[in-house]
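Chain residues, written in single-letter form:
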Amino acid sequence: MTATHTYDVTVEWTGNLGSGTDGYPAFSRDHEVLADGKAGIAASSDPAFRGDPARWNPEELLVASVAQCHMLWYLHLCAVGGVVVTEYEDHAHGVMTMDDSGGGGRITEVVLRPEVTVADASMVERARSLHGDVPDLCFIARSVNFPVRHAPVITVQG
């Protein structure tokens, strides 16, 4: 039997400035991303599309999802593979390429740049190689239609 998991979220538009969507500049792109029992995420569109730069946008959330999934699977593989990770930080980078129509685009690449600290020098090569095993396991990376690359930097705890 195939197992399934479901994920329910609510996206609530909070950007009615008084006249709804009476015109393209007449409304805010602000919204909340909500789920039962969790703090909301203040979101908007990218500032290039009239969004609030102080709020998360969908493109950032997608890149964050890819990075989170990679990290969680990587830490799992390290734990069962004998690599002791003491620090992990990823400065992930996503690229959206606009099409010639001027109205559409798509994420064309995400590059993960994890900086990983391991407990011992003997773990460095194994720590580096385990990043290559994650793409076959990460639910998010397996679900997107763009390449997810990784460029890890592995250091030894000082």
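You'll find the structure just up there.
Definitions and limits used
Residues numbered from 1 in each chain as written. Predicted model: local features only at pLDDT ≥ 70, side-chain atom pairs only at ≥ 80, totals over all residues. Heavy atoms only, no water. Helix = DSSP H or I, 4+ residues; strand = E, 2+ residues; numbered from the N terminus. Expected span 1.5 Å × (residues − 1). Buried < 20%, exposed > 50% of the residue type's maximum accessible area, 1.4 Å probe, protein only. Polar contact = N/O pair within 3.5 Å; in protein donor to acceptor, adjacent residues only side chain to side chain. Phe/Tyr/Trp six-rings, centres within 6.5 Å; stacked < 30°, edge-to-face > 60°. Patch = residues over 30% accessible without salt bridge, like charges linked within 9 Å, V, L, I, M, F, W, Y side chains within 5 Å. Areas by Shrake-Rupley, 256 points an atom, 1.4 Å probe, with all protein chains shown as cover. Salt bridge = Lys/Arg side-chain N within 4 Å of Asp/Glu carboxyl O.

Colleague: What am I meant to see in helix α1 (residues 58-81) here?
Modeller: Here α1 spans 34 Å end to end across 24 residues, near enough to the 34 Å set by a 1.5 Å rise per residue. When we look at burial in α1, the residues that qualify are Val63, Val66, Ala67, Cys69, His70, Tyr74, Leu77 and Cys78. The opening residue of α1 is Asn57, an N-cap whose side-chain oxygen sits 3.0 Å from the backbone nitrogen of Glu59. With its phi angle positive at about 80°, Gly82 sits one or two positions after the end of α1.

Colleague: Whenever I open this one, the packing of aromatic side chains confuses me. Can you help?
Modeller: The relative placement of two aromatic rings is captured by the distance of their centres and the angle of their planes. Counting across every chain of the model gives four aromatic pairs. Ring centres 5.7 Å apart and planes at 80° place the aromatic pair Trp73 and Phe139 in the edge-to-face group. With Trp73 in helix α1 and Phe139 in the loop between α2 (124-130) and β8 (148-150), this pair connects stretches of sequence that are 66 residues apart. When its relative accessible area of 22% is taken as the criterion, Trp73 is described as partly exposed.

Colleague: I'm lost on unusual backbone geometry in this one. Help?
Modeller: Glycine aside, negative phi is the norm for most residues, and most peptide bonds take the trans geometry. With phi around 70°, Arg50 is a residue other than glycine that occupies positive phi space. Within the secondary structure, Arg50 is located in the loop between β3 (41-43) and α1. In this structure Arg50 comes out as partly exposed when scored by relative accessible area, which is 45%.

Colleague: Sorry, what's going on with a nonpolar patch on the surface here?
Modeller: A cluster of nonpolar side chains, Tyr24, Phe49, Met96 and Met98, forms an exposed patch at the surface whose accessible area comes to about 360 Å². Among the secondary structure elements, Tyr24 is positioned in the loop between β1 (10-13) and β2 (31-34).

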